[in-house]
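Below are the chains, spelled out letter by letter.
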Amino acid sequence: SQVSFEEESQNPPAVGHWKPLMPSKGDKEEPEGGCQDAGGVDEPQSTEQLNVSRLRSSSVEIREKGSEFLRDELHKAQKELKLKDKECERLSKVREQLEQELEELTASLFEEAHKMVREANTKQAAAEKQLREARGKIDMLQAEVTALKTLVITSTPSSPNRELHPQLQSPSKAGFRKGHGRNKSTSSAMVSAASQNAAPEPVSRECKEVDSILFAEFQAWKESPTLDKSCSFLDRIYREDVGPCLDFTKQELSELVRVAVQQNTLTIEPVASQPVPLGKVAAEECGGPKKCALSGLPRTCKHRIMLGDSGNYYYISPSCRARITAVCNFFTYIRYIQQGLVRQDVELMYWEVMRLRREMSLAKLGFYPSEM
């Protein structure tokens, strides 16, 4: 019995088949019914498990296909981004090239315009000089003609003019004045004509030599151009040229003019035929067509200035206008260099600055063109 018990314990009972210890007569068919019920329950469970496994497999396939589709779309998007990046880089290079060409063209145009203005000023000065010389010759010839008419009119038969009739003079005087019987104006005309026909003397060329200290200061300023007085180059020019050139009798107005010139807010215009109202400023302070507001002297004022947007005009004399214009020309050229619009050699820039400094010095000493 012990051996059979061990055998039964080693062999597990079948699942779904069990037998009661003491079955009753009424319960004989219940196990079979229970077995049938258990078998009926297993079949739906297996079907549900099969459906679940199918759903899981289909969901896995859908996920794999979806991930593969997303990977393809991601690769396409990355390729399109690369192409767009290349296109943007190409367009940026084209834009930089166009900006550089535009900057170079602007600089060359400004330089050419400055050169043309300088040449035009030179030609204008030469033409005006020739015009003055021609007017001087005309005045001289008219004076000689007037003198000849006077001599002819004063010579009459009753009282002949011995200058026109040398034979009437005494022999000693005649011998002494032989060959010099022409009147004074005629002889001067002949001498002037001879001097005009004579070969002109060669004009000596101007010699120039670079000052090492000034050139070193200009080179240091050219490395980082600025309009500040802190650098030694501009500090020297402010002290030696700009300050004295804009130092007028009216100190308060001179300071306002100096600030307006430095800030590039000063306006110069010719005087209109009709006087413009002076606004709040008194007429004595603004001067007038016959009085300079900067020097306070009675001068014929052909121009007037306005400081910024104040609306007040100040009448200035030709000398004051020449001084202000010389300083404005200097600051204009300095601003061109600061903005990179002057593409010349450093030494040529230096000599142009020195020429502008010389104009300021001459204007300060009172030299200015006659048309001012």
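Figured I'd write up the structure that's included with this text. (Residues numbered from 1 in each chain as written. Predicted model: local features only at pLDDT ≥ 70, side-chain atom pairs only at ≥ 80, totals over all residues. Heavy atoms only, no water.)

## What to know about the packing of aromatic side chains
Cut-off, in case you're wondering: Planes of paired rings set the category: under 30 degrees apart is stacked, over 60 is edge-to-face and the rest tilted, where pairs are Phe, Tyr or Trp rings (Trp by its six-membered ring) whose centres lie within 6.5 Å. For the purposes of this entry, the term helix denotes a DSSP run of H or I that reaches at least four residues, the term strand denotes a run of E that reaches at least two, and both are numbered from the N terminus. A 1.4 Å probe rolled over the protein chains alone gives each residue an accessible area, and that area as a share of the maximum for its type sets the label: buried under 20%, exposed over 50%, partly exposed in between. Two conditions define a charge located above a ring, namely a distance within 6 Å from the ring centre to NZ of Lys or CZ of Arg, and an angle within 35 degrees of the ring normal.
Scanning the model with the defined rule gives nine aromatic pairs in all. Here the aromatic rings of Phe-215 and Tyr-350 are separated by 5.3 Å at their centres, their planes lie at 90 degrees, and the arrangement is edge-to-face. Here Phe-215 is found in helix α5 (residues 212-223), whereas its partner Tyr-350 is found in helix α10 (residues 346-365), with 135 residues between them in sequence. We note that Phe-215, like Tyr-350, is buried. Grouping aromatic residues by their ring pairs yields a cluster made of Phe-215, Phe-218, Trp-221, Phe-233, Tyr-350 and Trp-351. The ring of Trp-351 carries Lys-208 above its face, with NZ or CZ at 4.7 Å from the centroid. The ring of Tyr-313 has Arg-304 lying over it, and the distance from NZ or CZ to the ring centre is 4.0 Å.

## Comments concerning the sheet that holds strand β2 (residues 303-307)
Selection criterion: Two strands make a pair as long as DSSP finds a minimum of two bridges between them. Lines fitted to the C-alpha atoms define the axes, with helices restricted to the stretch that makes contact. Angles between their N-to-C directions range from 0 to 180 degrees. The contact criterion used is simple: two residues touch if any of their non-hydrogen atoms lie within 4.5 Å.
The three strands lie next to each other as β1-β2-β3, forming an open sheet whose pairing is antiparallel. Either end of the sheet is taken by a strand with one partner, and the two such strands are β1 (266-270) and β3 (313-316). The mean angle between the axes of side-by-side strands here comes to 30 degrees, regardless of whether they run parallel or antiparallel. Sheet topology note: the β1/β2 ladder contains five bridges and is antiparallel. For Thr-267, the partnering residue across the bridge sits in β2 and is Met-306. Seen against the sheet, helix α7 (residues 251-262) touches β1, β2 and β3 and runs at an angle of roughly 75 degrees to β2.

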